[in-house]
Amino acid sequence: KKIERKRARLGRDDDAVGHAAFELGGLFTEQDRLDEGAEWFLEALRIARLVYIEFHDYAYCILKNLGEIYRRHGKLEEALNTMKQALRIARRVHGNESPEVAELLDGVGSCLGAQGLYDQAMQKFEVAHEMLRSHFGG
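About the thresholds
- Note that residues are indexed from 1 along each chain, following the sequence as it is written.
- The model is predicted, so local features are restricted to residues of pLDDT at least 70 and side-chain atom pairs to those at 80 or more, both for listing and for counting; the totals for chains, interfaces and linings are taken over all residues.
- Hydrogens are left out, water is left out, and the side-chain values use all remaining heavy atoms of the structure.
- By definition, any uninterrupted DSSP run of H or I lasting at least four residues is a helix, any uninterrupted run of E lasting at least two residues is a strand, and each is numbered from the N terminus.
- For a helix, the expected span equals 1.5 Å multiplied by the number of residues minus one.
- Burial classification: accessible surface area is computed with a 1.4 Å probe over protein chains only, and a residue below 20% of its type maximum counts as buried, one above 50% as exposed, and the rest as partly exposed.
- Residue contacts are counted whenever heavy atoms from the two residues lie within 4.5 Å of one another.
- Only buried residues count toward a nonpolar core. Its members are Ala, Val, Leu, Ile, Met, Phe, Trp, Tyr and Cys residues joined through side-chain atoms within 4.5 Å.
- A pair of aromatic rings is counted whenever rings of Phe, Tyr or Trp (Trp by its six-membered ring) have centres within 6.5 Å, and the orientation is called stacked for planes under 30 degrees apart, edge-to-face for over 60 and tilted otherwise.

> Would you explain helix α3 (residues 34-51) in this entry?
Every α-helix winds through 3.6 residues per turn, so residues three or four apart in the chain are directed the same way. With 18 residues, α3 should reach 26 Å at 1.5 Å per residue; the first-to-last C-alpha distance of 25 Å fits that figure. Turning to α3, its buried residues are L34, G37, A38, W40, F41, E43, A44, L45, I47 and A48. Where the residues of α3 are buried, they touch α1 (2-10), α2 (15-30) and α4 (57-73).

Next comes the structure, spelled out in structure tokens:
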């Protein structure tokens, strides 16, 4: 109901509506209501693409969450494609060696592993691990 009031007050494409949609997507996902979570993340992504430039941190966050939902649903090809989109944005926004990129490489590895592509998955995991070690030490 709160988001409907924001839409009525601010317009359906307002940034505040997009952020509210993102928050709802997260809440539904935490409750394992994945279809509803995906629906709200898609709405947030629609608005983000209207409001922000293509390579924006917010779009990366939305895509990362959508990819995780698709992976949990077993929609592995869709998950992989979504994670790769998020990875491209994260590299542009945060740099190739960032923790955000490492996190997404881990997600890509999980998708590849779930598809039985174990060698490719291990390669992604190892790169992500090395990036995190060099960033955080250890």
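> Would you mind going over the nonpolar core with me for this structure?
Among the nonpolar cores identified, the biggest contains 39 residues, and I62, L66 and L104 are the most heavily contacted of them. Contributions of two or more residues to this core are made by α2, α3, α4, α5 (76-94), α6 (99-114) and α7 (118-136). Aside from chain neighbours lying at most four places away, what touches I62 is F22, F41, A44, L45 and A48.

> What is the right way to look at the packing of aromatic side chains in this model?
Between two aromatic rings, the relevant description is the distance of the centres plus the angle of the planes. For the structure on display, the rule yields 3 aromatic pairs. Their ring planes at 65° and their centres at 5.4 Å tell us that F22 and F41 sit as a pair that is edge-to-face. Of this pair, F22 sits in helix α2 while F41 sits in helix α3; the two residues are 19 residues apart in sequence, bridging distant segments of the chain. This pair shows no difference in class: F22 is buried, exactly as F41 is. Taken together, a centroid distance of 5.8 Å and an interplanar angle of 75° make the contact between Y52 and Y58 edge-to-face. Residue classification places Y58 among the buried positions, given a relative accessible area of 9%. An aromatic cluster of three or more residues is present, and its members are F22, F41, Y52 and Y58.

> Teacher, can you tell me more about the environment of G67 here?
For G67, the position within the fold is in helix α4. Note: C-alpha distance between G67 and K6 (61 residues apart in sequence) is 27 Å. In contact with G67, other than residues within four places in its own chain, are A79, T82 and M83.

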